[in-house]
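Now for the letters of each chain:
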Amino acid sequence: AQRVTQPEKLLSVFKGAPVELKCNYSYSGSPELFWYVQYSRQRLQLLLRHISRESIKGFTADLNKGETSFHLKKPFAQEEDSAMYYCALKTGSSNTGKLIFGQGTTLQVKP
Amino acid sequence: AAGVIQSPRHLIKEKRETATLKCYPIPRHDTVYWYQQGPGQDPQFLISFYEKMQSDKGSIPDRFSAQQFSDYHSELNMSSLELGDSALYFCASSLGGWSLDEQFFGPGTRLTVL
């Protein structure tokens, strides 16, 4: 079965603390994984995709096929990182694949 | 830069009524996706279109239908509305012919069924 699991509904940290938002997936094919972020009153927007192997706003995520994980990390959280984060798995055809989302994790960065 | 446009942004309907949600993709995008997000839930894929043809279908009820028009905009038609249809409906668009396509999301239409 195709599934994405984000075990934490809420993650609350202090500014400057490290952050790790967990994501595990279940997929029989070759996974294509994304992190989407939704800031307050804004639309969902792409933060990271595993295939790019880039760092955006200080966030990184490494695909670990052995552990079927794609955790999102940032060494020093900032208040402006407070948002809802969704891990998503792309399935279907390579050009028009649908996204399967995890349940989302709300990151709250306290001053 | 132009983004995905959805209309209306809010819609209130009674049970058993019909609703039509519209999505205008980013210019030159040829692929449209519809997702439904119930209260406290993750977005669930409903249906997608590529070059005006249905490309994939998810957990879309038979009461719902959708299509993509020649200008690539899409409409989601919902009939015999039920209380459980109350949700945020997202539309996303991408350039389907490009394998590294990113899905760009609209702001969503919040449907409330009373």
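All figures in this text were calculated on a predicted structure; none of them were measured in a lab.

*Asks:* Honestly, the layout of surface pockets in this entry has me stumped. Any pointers?
*Replies:* Once rolled over the atoms, a probe with the size of a water molecule shows which space is left empty. In this structure, the largest pocket encloses a volume near 510 Å³. Together, 28 residues line the largest pocket, and A:Q38, B:Q37, B:L88, B:F90 and B:R110 are the ones closest to its centre. Every element with two or more residues in the lining of the largest pocket is listed here: β9 (83–91) of chain A together with β9 (87–94) and β11 (109–113) of chain B. Split into classes, the residues belonging to the lining of the largest pocket amount to nine nonpolar, 14 polar and five charged. Estimates place the volume of the second largest pocket at around 160 Å³. Elements with a contribution of two residues or more to the lining of the second largest pocket: β1 (3–5) and β10 (98–101) of chain A together with β5 (44–50) of chain B.

*Asks:* Looking at this model, I keep getting lost on the sheet that holds strand β1 (residues 5–7) of chain B. Mind explaining?
*Replies:* Note on sheets: strands pair through backbone hydrogen bonds, and any given pair is parallel or antiparallel. Residue and element names in this part refer to chain B. One open sheet accounts for four strands, arranged β1-β3-β8-β7; its pairing is antiparallel. Two strands in the sheet have a free side with no partner beyond their single neighbour: β1 and β7 (64–68). For this sheet the average axis-to-axis angle between neighbouring strands, irrespective of direction, equals 15 degrees. Note that β1 and strand β3 (residues 19–24) share three bridges and pair antiparallel. Across the sheet, I5 pairs through a bridge with Y24, a residue of β3.

*Asks:* Help me out: how do you make sense of the pattern of salt bridges in this one?
*Replies:* In a structure, side chains of opposite charge can pair up when their charged atoms sit close to one another. Considering all chains together, one arrives at eight salt bridges over all chains under this definition. A:K98 is the salt-bridge partner of B:D56, the closest N and O atoms lying 3.4 Å from each other. Taken together, the positions of B:D56 in strand β6 (residues 53–57) and A:K98 in strand β10 put the pair across two chains. Comparing B:D56 with A:K98 shows no difference in burial state: the two are buried. Between B:R63 and B:E82 there is a salt bridge, and its shortest N-O distance comes to 3.4 Å. Within this pair, whereas B:R63 is found in the loop between β6 and β7, its partner B:E82 is found in the loop between β8 (74–78) and β9, the two being separated by 19 residues in sequence. The class for B:E82 is partly exposed, based on a relative accessible area of 41%. Each of the salt bridges in this network shares a partner with another, and the network as a whole consists of A:E20, A:K22 and A:K73.

*Asks:* When you look at the interface of chain A and chain B in this model, what are you seeing that I'm missing?
*Replies:* Many authors give the size of an interface as the accessible area that is lost as the parts come together. Taken together, the contact between chain A and chain B spans 20 residues of the former and 27 residues of the latter. Contact between chain A and chain B buries roughly 1800 Å² in total, counting both sides, with carbon and sulfur atoms accounting for 50%. Inspection of the chain A/chain B interface yields one salt bridge. Summed over the shared surface of chain A and chain B, the number is seven residue pairs in polar contact (both at pLDDT 80 or more). Looking at the side of chain A that touches chain B, the elements with two or more residues in it are β5 (32–38), β6 (45–49), β9 and β10 of chain A.

Here is what the cut-offs are and how they apply
Residues numbered from 1 in each chain as written. Chains lettered and ligands numbered in written order. Predicted model: local features only at pLDDT ≥ 70, side-chain atom pairs only at ≥ 80, totals over all residues. Heavy atoms only, no water. 1 Å grid on protein atoms, 1.4 Å probe; cavity = no way out; pocket = protein on both sides within 12 Å on 5 of 7 lines; lining within 4 Å. Points joined across faces, edges and corners; volume = space filled by probe spheres on them. Helix = DSSP H or I, 4+ residues; strand = E, 2+ residues; numbered from the N terminus. Nonpolar A, V, L, I, M, F, W, Y, C, P; charged D, E, K, R; others polar. Pairing = 2+ DSSP bridges. Axes fitted to C-alpha atoms, helices over the stretch in contact; angles between N-to-C directions. Salt bridge = Lys/Arg side-chain N within 4 Å of Asp/Glu carboxyl O. Buried < 20%, exposed > 50% of the residue type's maximum accessible area, 1.4 Å probe, protein only. Contact = heavy atoms within 4.5 Å. Buried area = accessible area lost by both parts, 1.4 Å probe. Polar contact = N/O pair within 3.5 Å; in protein donor to acceptor, adjacent residues only side chain to side chain.

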